[in-house]
Amino acid sequence: MHIVTVAEMRELEAQAEHQYGLTSPILMRHAGQSAADIFMAQLLPHHSINDLEVLFLIGPGNNGGDGMIMADNLARAGALVSLYTWKTHELTIRGQPIAEQQIDKELTSGLQSADYVIDALLGTGTSRPLNEDMRALLARVEGERKQRPDLRVVAIDQPTGVHTDSGEVDPGTLRADMTITLACPKIGFFFFPARDFIGELHVGSIALPPTLEHNLSTEMLNTGLCRASLPKRPLNSNKGTFGKVMLFCGSQPYPGSAYLAGSSAARAGAGLITLAVTEKMLPTYASSFHEATFAILPEEPKSEISRGQAHDRAQALTEHLPGYRALLMGPGLGQSPETRETILQVLEDLRNQPPNKRPRLIIDADGLNNLSALEHWWTLLPEGTVITPHPGEMGRLCDSLKVSGGSIDRLQLAREKAREWNVILVLKGACTLVVSPLGETRINWKANPALATAGTGDVLAGMIAGFLAQGLIPFDAASLGVYLHSCAAERVSSELGDAGLLASDLLPQIPRVMRDILHTSFEEGSDITER
Ligand SMILES: NC(=O)C1=CN([C@@H]2O[C@H](COP(=O)(O)OP(=O)(O)OC[C@H]3O[C@@H](n4cnc5c(N)ncnc54)[C@H](O)[C@@H]3O)[C@@H](O)[C@H]2O)[C@@H](O)CC1
Ligand SMILES: Nc1ncnc2c1ncn2[C@@H]1O[C@H](COP(=O)(O)OP(=O)(O)O)[C@@H](O)[C@H]1O
Ligand SMILES: [K+]
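Owing to the predicted nature of the structure, the values given are computational and were not obtained by experimental measurement.

Calculation notes
One numbering rule holds for all chains: residues counted from 1, following each sequence as written. Following the order in which they are written, the chains are lettered starting with A and the ligands numbered starting with 1. pLDDT decides what is reported in this predicted model: residues at 70 or higher carry local features, side-chain atom pairs at 80 or more are listed and counted, and totals for whole chains, interfaces and linings draw on all residues regardless. Helix and strand definitions here come from DSSP, where helices need a minimum of 4 consecutive H or I residues and strands a minimum of 2 consecutive E residues; each element is numbered from the N-terminal end. Exposure classification rests on a simple neighbour count of other C-beta atoms within 10 Å of a residue's own: a residue reaching 20 or more is buried, one at 12 or fewer is exposed, and one in between is partly exposed. C-beta atoms are placed from the backbone. DSSP calls a pair of strands paired once it identifies at least 2 bridges connecting them. A pair of residues counts as a contact when their C-beta atoms, built from backbone coordinates, are separated by no more than 7 Å. Here, axes are lines fitted to C-alpha atoms. For helices the fit covers the stretch in contact, and angles between N-to-C directions go from 0 to 180 degrees. Think of a nonpolar core as buried Ala, Val, Leu, Ile, Met, Phe, Trp, Tyr and Cys residues, each tied to the set through C-beta atoms within 7 Å. Those domain boundaries reflect an automatic or database domain assignment. Gly falls in the polar group here, along with every residue not listed as nonpolar (Ala, Val, Leu, Ile, Met, Phe, Trp, Tyr, Cys, Pro) or charged (Asp, Glu, Lys, Arg). An angle counts as roughly parallel when it lies under 35 degrees, as roughly antiparallel when it exceeds 145, as roughly perpendicular when it falls between 65 and 115, and as oblique in every other case. A residue counts as near a molecule or strand when its C-beta atom, positioned from the backbone, falls within 6 Å of it. As a per-residue measure, pLDDT tells how confident the predictor is, with possible values from 0 to 100. Take the number of residues in a helix, subtract one, and multiply by 1.5 Å to get its expected span. With its strands directed away from the observer, a crossover is right-handed exactly when the path from the first strand over the helix to the second travels clockwise.

Notes on unusual backbone geometry
Consideration 1: The step from Phe192 to Pro193 runs through a cis peptide bond, and the omega angle for that step is 10 degrees.
Consideration 2: Of note, Pro193 is situated in the loop between β7 (178–182) and β8 (200–204).
Consideration 3: Positive phi is not limited to glycine here, since Ala207 has a value of about 65 degrees.
Consideration 4: Among the structural elements, Ala207 can be located in the loop between β8 and β9 (218–220).
Consideration 5: Owing to 16 C-beta atoms within 10 Å, Ala207 belongs among the partly exposed residues under this scheme.

Description of the sheet that holds strand β6 (residues 152–156)
Consideration 1: Read from one edge to the other, the open sheet built from eight strands follows the order β4-β3-β2-β1-β5-β6-β7-β8, with strand pairing classed as mixed. Of all the strands in the sheet, just β4 (96–97) and β8 have a single pairing partner and so form its edges.
Consideration 2: Judged from the three bridges that link them, β6 and β7 form a sheet pairing that is parallel. When the sheet's bridge partners are listed, Ile156 is paired in β7 with Ile180.
Consideration 3: Here helix α4 (residues 103–113) sits on the sheet in contact with β1 (53–58), β2 (80–85) and β3 (90–93), set at roughly 50 degrees to β3.

Digging into the nonpolar core
Consideration 1: Core analysis: the biggest nonpolar cluster contains 163 residues, and Phe56, Leu247, Leu328 and Ile464 have the highest contact counts within it.
Consideration 2: Looking at this core, the element that brings in the most residues is helix α15 (residues 474–496), giving 10 residues.
Consideration 3: When we break this core down by domain, the ones giving at least three residues each are domain 1 (6–216) and domain 2 (242–519).
Consideration 4: Leave out the neighbours within four places in its chain, and Ile464 touches Ile362, Val386, Thr388, Ala477, Ala478 and Gly481.

Description of the domain arrangement of the chain
It is common to give the size of an interface as the accessible area lost on bringing the parts into contact.
Consideration 1: The domain boundaries assigned to the chain delineate domain 1 (6–216) and domain 2 (242–519).
Consideration 2: Averaged C-alpha coordinates put domain 1 and domain 2 at centres separated by 42 Å.
Consideration 3: Taken residue by residue, the interface counts seven residues in domain 1 and eight residues in domain 2.
Consideration 4: Residues belonging to the side of domain 1 that touches domain 2 are distributed by class as follows: four nonpolar, two polar and one charged.

Quick look at the packing of α15 against helix α16 (residues 509–519)
Consideration 1: Between α15 and α16, the least distance of the axes is 9 Å, while the angle of their chain directions is 105 degrees. Overall, the two elements α15 and α16 adopt an arrangement that is roughly perpendicular. On α16, the residues that touch Leu484, Cys487, Ala488, Arg491 and Val492 of α15 are Gln509, Ile510, Arg512, Val513 and Met514.
Consideration 2: Of the residues that constitute the contact of α15 with α16, the class distribution is seven nonpolar, one polar and two charged.

Brief notes about the site of ligand 1
Consideration 1: In the vicinity of ligand 1 lie 27 residues, with Gly61, Asn62, Asn63, Gly123 and Gly125 positioned nearest.
Consideration 2: Class assignment for the residues of the shell around ligand 1 results in 11 nonpolar, 12 polar and four charged.

Concerning the sheet that holds strand β10 (residues 244–248)
Consideration 1: With respect to topology, 10 strands assemble into an open sheet ordered β9-β18-β17-β16-β15-β14-β13-β10-β11-β12, the strand pairing being mixed. Across the chains shown, the open sheet's two edge strands, defined by having one partner strand only, are β9 and β12 (293–297).
Consideration 2: Relative to strand β17 (residues 433–435), strand β16 (residues 424–427) runs antiparallel, the two sharing three bridges. The partner of Val426 across the bridge, within β17, is Val434.
Consideration 3: Each of β10, β11 (272–278) and β13 (326–329) is contacted by helix α7 (residues 255–267), which is oriented at about 165 degrees to β11, the strand it contacts most.

What about the site of ligand 2?
Consideration 1: Ligand 2 sits among 18 residues. The nearest are Lys428, Ala430, Leu451, Ala452 and Gly457.
Consideration 2: Considered class by class, the residues forming the shell around ligand 2 number eight nonpolar, eight polar and two charged.

Remarks on the confidence of the model for the chain
Consideration 1: On average, the chain scores 94 in pLDDT, and the residues at 70 or more come to 97%.
Consideration 2: Across residues 523–531, where pLDDT falls below 50, the model places 18 contacts with residues more than four positions away in sequence or in other chains.
Consideration 3: Complex prediction metrics read pTM 0.95 and ipTM 0.94.

Here we look at the pairing of β10
Consideration 1: Of all five residues in β10, five are buried, a share of seventy percent or more.
Consideration 2: Residues Lys244, Met246 and Phe248 line one face of β10 and the alternating positions Val245 and Leu247 line the opposite face, and both faces are buried.
Consideration 3: Judged from the four bridges that link them, β10 and β11 form a sheet pairing that is parallel. The partner of Val245 across the bridge, within β11, is Ile273.
Consideration 4: Relative to β13, β10 is paired through four bridges, and the arrangement is parallel. Paired with Val245 across the bridge in β13 is Ala326.

Details of α7
Consideration 1: End to end, α7 covers 19 Å across 13 residues, agreeing with the expected 18 Å (1.5 Å per residue, within 8%).
Consideration 2: With 11 of its 13 residues buried, α7 lies for the most part within the structure.
Consideration 3: Looking at the buried positions of α7, the neighbouring elements they touch are β10, β11, α8 (282–288), β13, α14 (456–469) and α16.
Consideration 4: One or two steps after α7, the chain reaches Gly269, where phi turns positive at roughly 110 degrees.

Describing the pairing of β1
Consideration 1: With five of its six residues buried, β1 lies for the most part within the structure.
Consideration 2: Direction of pairing for β1 relative to β2: parallel, over a ladder of six bridges. Looking at the pairing, Phe56 lines up with Leu83 of β2.
Consideration 3: Since β1 and β2 lie parallel, the crossover through helix α3 (residues 62–77) that links them has a hand, and here it is right-handed.

Written as structure tokens, this is what we have:
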């Protein structure tokens, strides 16, 4: 499913008319019908469409037009529909126009008895800050919702006041419980603060022919996309079928990282997991991670940095690499000069191997922190490397730039840097971005504060390594890892809530979410998210 800017949406509509004769009224008829269908399918269990009271706020443009058609469909299905037309200040209740002097009073009582308010005031044509009287109207709805939290607000195409491209919001914007967006999700929904105003996101159809979308390069991660790249599990398989992962992760202060990342790679389906550890650390890992095998590295010297010893460590690691399809470096490694030198030696060795012989590389956490201390570090990476910085690590990689957690600048930066560094860049956070060097972009809709806890990044890195080992191309392995990681978190937080998730809670959920996406029915055009 593609994500669009306003300009791209307008171009799609223009091409729909130009190439297929799909005029605006035709698209709008589909839009209104589809919004009504989604609305009815999502009604709360205690609601039935018969006698449901729905108040529509109708704006001056096509967004209002969508609302009118949706209203007509709901009325025919049995709902009690009121329509308030903002510009002309007209009100009809069940098709009956209300006399001018009664409108204010009737609107108040309509609001008080409504089960749902439909925001069809403004959509992608919003061109200026909201008028004061529109803000006042939205504030009336918000006031009523404060009194009566069961009043639900559904936005058509987008909540009025959201800036469709930048994700900024007007101070008058009414938070939607559900947004039924049309044709494609809009890019601004994936940035903050807008992300908080969307509620559950549903995507309605306006019957655009899919071929029109071939030029679009930004996609939403969803079940359909990820199902297509999920590795197949043939009956006649063995552990070699699913690839080996080597992890150069963990150190004395951070032993958990290697365990979490290695277990995640195995839970994601990789055939064999090997941890490259020193002899001293071996008992720690061997006693807690029974399924892993080990590559033993020379101890790190306590005093001087020695290139020779770093070389020996790197060699001990790279000698093990033939036959491995993925190498994860970084989580929990620490930032000693010795470790940095070892990483550099390993990278050099990888670059010297023919691409079809070397494992796919993913670098996370301290792997990135060590690199960021070096000039032009990206020139050291083999082709096709995946890197997974959080905003802090991204800032360090960009010469101490401050990287925002969720605004549009983050997307621009990610695109620019994925191209410049020639990497598959996973910029983590709420609504994680996955960007290829060519600028192809996939964005995760799912935001979940339960994931904001130590170790969840190690799990993500391990999952991506596990998918690389199973032969996925790096862009797909990164996308699948990001999406399934957030689905696993959703499973945990549906039971625990928004706090208290342990990174290790994600592990047993990984196979379950892989099973879920294989078996959940998914229709393109109606992806549904949790919140
Ligand atoms: N054009 C098409 O082919 C389709 C359009 N669709 C719908 O149409 C919407 C876009 O339609 P429009 O381009 O008519 O735009 P809108 O319906 O978003 O609004 C445009 C109108 O609002 C006014 N306006 C803009 N900013 C305002 C503000 N801050 N306060 C008050 N008035 C303001 C403009 O002067 C104009 O009259 C989409 O969001 C979607 O809902 C869908 O029906 C699908 C097909
Ligand atoms: N609010 C949030 N919504 C969605 N995902 C989040 C949120 N906060 C954190 N995450 C995810 O949790 C993980 C945290 O990774 P990271 O910061 O590297 O942690 P660590 O290094 O401790 O493992 C990332 O995948 C990130 O996208
Ligand atoms: K709207």
